[in-house]
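One letter stands for each residue in the lines below.
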Amino acid sequence: MARSGVCRRSRDLEGVGTGMEKKEIDWSGLGFEYVQTDKRFVANYRNGAWDEGALSGDANVVINECAGVLQYSQSCFEGLKAYTTEDGRIVTFRPDMNGQRMEDSCKRLEMPVFPKEKFVEAVLQTVKANEAYVPPYGSGATLYIRPYMFASGSVIGVKPASEYQFRIFTTPVGPYFKGGAKPITIRVCDYDRAAPNGTGHIKAGLNYAMSLYAIVDAHKQGYDENMYLDAATRTKVEETGGANFLFITKDNKVVTPKSGSILPSITRRSLMYVAKEYLGLETEEREVYKEELTEFAECGLCGTAAVISPVGKIVDHGKEICLPSGMEAMGPVTQKLYDTLTGIQMGRIKAPEGWIQEIR
Ligand SMILES: *Cc1c(COP(=O)(O)O)cnc(C)c1O
């Protein structure tokens, strides 16, 4: 059911008996593009304190021409999803982890912390206000939630601004893999993503601005993603522009790179837990050398958007490293990890304590 191209109107699927009509959207035909929804959360930081924050119907932001975000890119963001479970509840996945990570990002960028407890409340409130846009179970689509903060106060000398805005909007997004997860081809990248002791470990907008050149170039050369190496020695695997690596060894160990300049993915940390506690696999977070890549059986990229995208081939300056799992389908261990975590998120498998936050 719910393949892309099959136009199932939301009316046919949901909104019956819940007291809330779903919007008429072709859920499974959605891509990963911004679709404006009814409400967003807005809070302002002025005179050294956050206001209460409230939902707003206004999707536009008006700020001064000299706002810190426009001049010196003082901004950070988060990304998570709301899902309809098999039994019709609307839930989010570990929003407290996103709240904590945003606190960490704010501290590193000299921005005022928006407390994680309030962050979670605001996420739940925003999703609830946009319930009509939460895709139905089985459509493969989800409601993407984008919390973000930026310097709204004016600065011309280089220093932290004194005013900030924190906002959360939601947008429905389609199934990440239409017609099944096809393994991708990535290249070892000559550009660096993050410096040692830099900002690679926080979710700053600036980390993405400077990755655009490298990803556009990768696409031009026919690659789906960039594998970034550690900037200091260029011998160790870090991550891609927006996802962490998981590797499966030939004896079924789950390995993920350890580095101070990798963004701590919540999906990756959850998958490592699932590997150990649900699947009984051995797990290792350690330095992974580029030289080892030929020894792995499977490779995947993990992040909120896709959960896991399988990697079939890694190209290192003309040298092709073909993962034994091939170019047709996810490797067997990757598939088990994917099925278990999505099962937990969709309510088909019992979640660890505190992982699922219910909206209703
Ligand atoms: C957001 C992000 C990820 C994925 O993190 P999740 O919490 O799993 O969504 C990975 N790498 C980078 C650089 C990111 O910005």
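Everything here concerns the structure above.
Remember, it's a predicted structure, so these values are computed and weren't measured experimentally.

Caption draft 1: Seen up close, the packing of aromatic side chains. In total, this model carries 18 aromatic pairs according to the counting rule given. Taking 6.1 Å as the distance between ring centres and 65° as the angle between the ring planes, the aromatic pair formed by Tyr45 and Tyr164 counts as edge-to-face. Residue Tyr45 is located in strand E1 (residues 40–46), and its partner Tyr164 is located in strand E8 (residues 164–173); the two are separated by 119 residues in the primary sequence. With respect to class, Tyr45 is no different from Tyr164; both count as buried. Within the aromatic cluster, the residues linked to one another by ring pairs are Phe41, Tyr45, Trp50, Phe114, Phe119, Tyr164 and Phe166.

Caption draft 2: Summary view of unusual backbone geometry. With phi around 50°, Arg94 is a residue other than glycine that occupies positive phi space. A relative accessible area of 12% means that Arg94 is categorised as buried.

Caption draft 3: Local environment of the nonpolar core. Ranked by internal contacts, the top residues of the largest apolar core, which has 37 residues, are Trp50, Phe114, Val127, Met149, Tyr164 and Phe166. Put simply, the parts of the chain that give this core at least two residues each are E1, strand E5 (80–84), helix H3 (95–108), helix H4 (116–129), strand E7 (142–151) and E8. Leave out the neighbours within four places in its chain, and Val127 touches Ala82, Ile90, Thr92, Val134, Leu143, Ile145 and Ile359. Formed by 21 residues, the second largest nonpolar core is a distinct cluster that contains Leu271, Leu337, Leu341 and Trp355.

Caption draft 4: How the structure looks around the state of the cysteines. Scanning the model with the defined rule gives 0 disulfides in all. Left without a disulfide partner, Cys76 is nearest to the cysteine sulfur of Cys106, which lies 3.9 Å away. The class for Cys76 is buried, based on a relative accessible area of 2%.

Caption draft 5: Inspection of a nonpolar patch on the surface at higher detail. Taken together, the side chains of Tyr72, Ile156 and Val158 define a hydrophobic patch exposed on the protein surface, amounting to about 350 Å² of accessible area. By secondary structure assignment, the location of Ile156 is in the loop between E7 and E8.

Caption draft 6: Spotlight on empty space enclosed by the protein. In this structure the tally under the stated criterion is 2 cavities of 30 Å³ or more. Taken as a whole, the largest cavity encloses approximately 100 Å³ of empty space. Along its surface, the largest cavity is lined by Gly79, Leu80, Lys81, Tyr83, Phe93, Asn98, Ile266, Thr267, Thr304 and Gln345. Mapped by element, the contributors of at least two residues to the lining of the largest cavity are E5 and helix H7 (266–277).

Caption draft 7: Region of interest: the site of the ligand. Near the ligand there are 15 residues, and of these Lys203, Tyr208, Ser265, Thr267 and Thr304 occur at the shortest range. The contact in question runs from a nitrogen atom of the ligand to an N or O atom on the side chain of Glu239, over 2.6 Å. The contact in question runs from an oxygen atom of the ligand to an N or O atom on the side chain of Ser265, over 2.6 Å. Here the ligand has 390 Å² of accessible area as a free molecule, and 96% of this is covered by the chains. Among the cavities detected, the one that contains the ligand is the largest pocket. Looking at the shell around the ligand, its residues break down into 4 nonpolar, 7 polar and 4 charged.

Caption draft 8: Expanded view of the environment of Gly241. Inspection of the secondary structure puts Gly241 in the loop between strand E10 (225–227) and strand E11 (244–249). As a C-alpha pair, Gly241 and Arg269 span 28 residues in sequence and 17 Å in three-dimensional space. Apart from the residues lying within four places of it in its own chain, the contact partners of Gly241 are Arg193, Tyr208, Glu225, Asn226 and Tyr228.

Cut-offs and rules
- Every chain's residues receive numbers from 1 upward, in the order its sequence appears when written.
- Only residues with pLDDT of 70 or above have their local features reported here, since the model is predicted, and side-chain atom pairs are shown and tallied only from 80 upward, although totals for entire chains, interfaces and linings are computed over all residues.
- Values reported for side chains reflect all heavy atoms of the structure, with hydrogen atoms and water molecules removed beforehand.
- What counts as a ring pair is set by centres within 6.5 Å for rings of Phe, Tyr and Trp (its six-membered ring), and what kind of pair is set by the plane angle: stacked under 30 degrees, edge-to-face over 60, tilted for all other angles.
- Secondary structure counts use DSSP, requiring at least four H or I residues in a row for a helix and at least two E residues in a row for a strand, with both numbered from the N terminus.
- Summary of the burial criterion: residues with accessible area below 20% of their type's maximum are buried, those above 50% are exposed, and those between are partly exposed, where the area comes from a 1.4 Å probe applied to protein chains only.
- Each nonpolar core is a collection of buried residues, namely Ala, Val, Leu, Ile, Met, Phe, Trp, Tyr and Cys, held together in the definition by side-chain atoms within 4.5 Å.
- We call two residues contacting when some pair of their heavy atoms lies within 4.5 Å.
- The criterion for a disulfide is a pair of cysteine sulfur atoms lying within 2.5 Å.
- Without a salt bridge and with relative accessible area above 30%, a residue can belong to a patch; like charges are then joined within 9 Å and nonpolar side chains (Val, Leu, Ile, Met, Phe, Trp, Tyr) within 5 Å.
- For accessible areas, the Shrake-Rupley method is used with a probe of radius 1.4 Å. Any residue's cover is judged against the shown protein chains and nothing else.
- Any Lys or Arg side-chain nitrogen found within 4 Å of a carboxyl oxygen on Asp or Glu counts as a salt bridge.
- In this analysis, the protein atoms alone were mapped onto a 1 Å grid. Cavities are point sets where a 1.4 Å probe fits without being able to get out; pockets are open sets with protein on both sides within 12 Å along at least five of seven lines; lining residues have an atom within 4 Å of a point.
- Grid points are joined across faces, edges and corners, and a volume is the space filled by probe spheres set on the points.
- A molecule or strand has a residue near it when one of that residue's heavy atoms lies within 4 Å.
- What qualifies as a polar contact is a pair of N or O atoms within 3.5 Å, subject to a donor-acceptor requirement within protein and to the restriction that residues adjacent in sequence count only when both atoms come from side chains.
- To decide whether a molecule occupies a pocket or cavity, check its atoms: if more than half lie within 2 Å of the grid points, it is inside.
- Three classes are used: nonpolar for Ala, Val, Leu, Ile, Met, Phe, Trp, Tyr, Cys and Pro, charged for Asp, Glu, Lys and Arg, and polar for all others, with Gly counted as polar.

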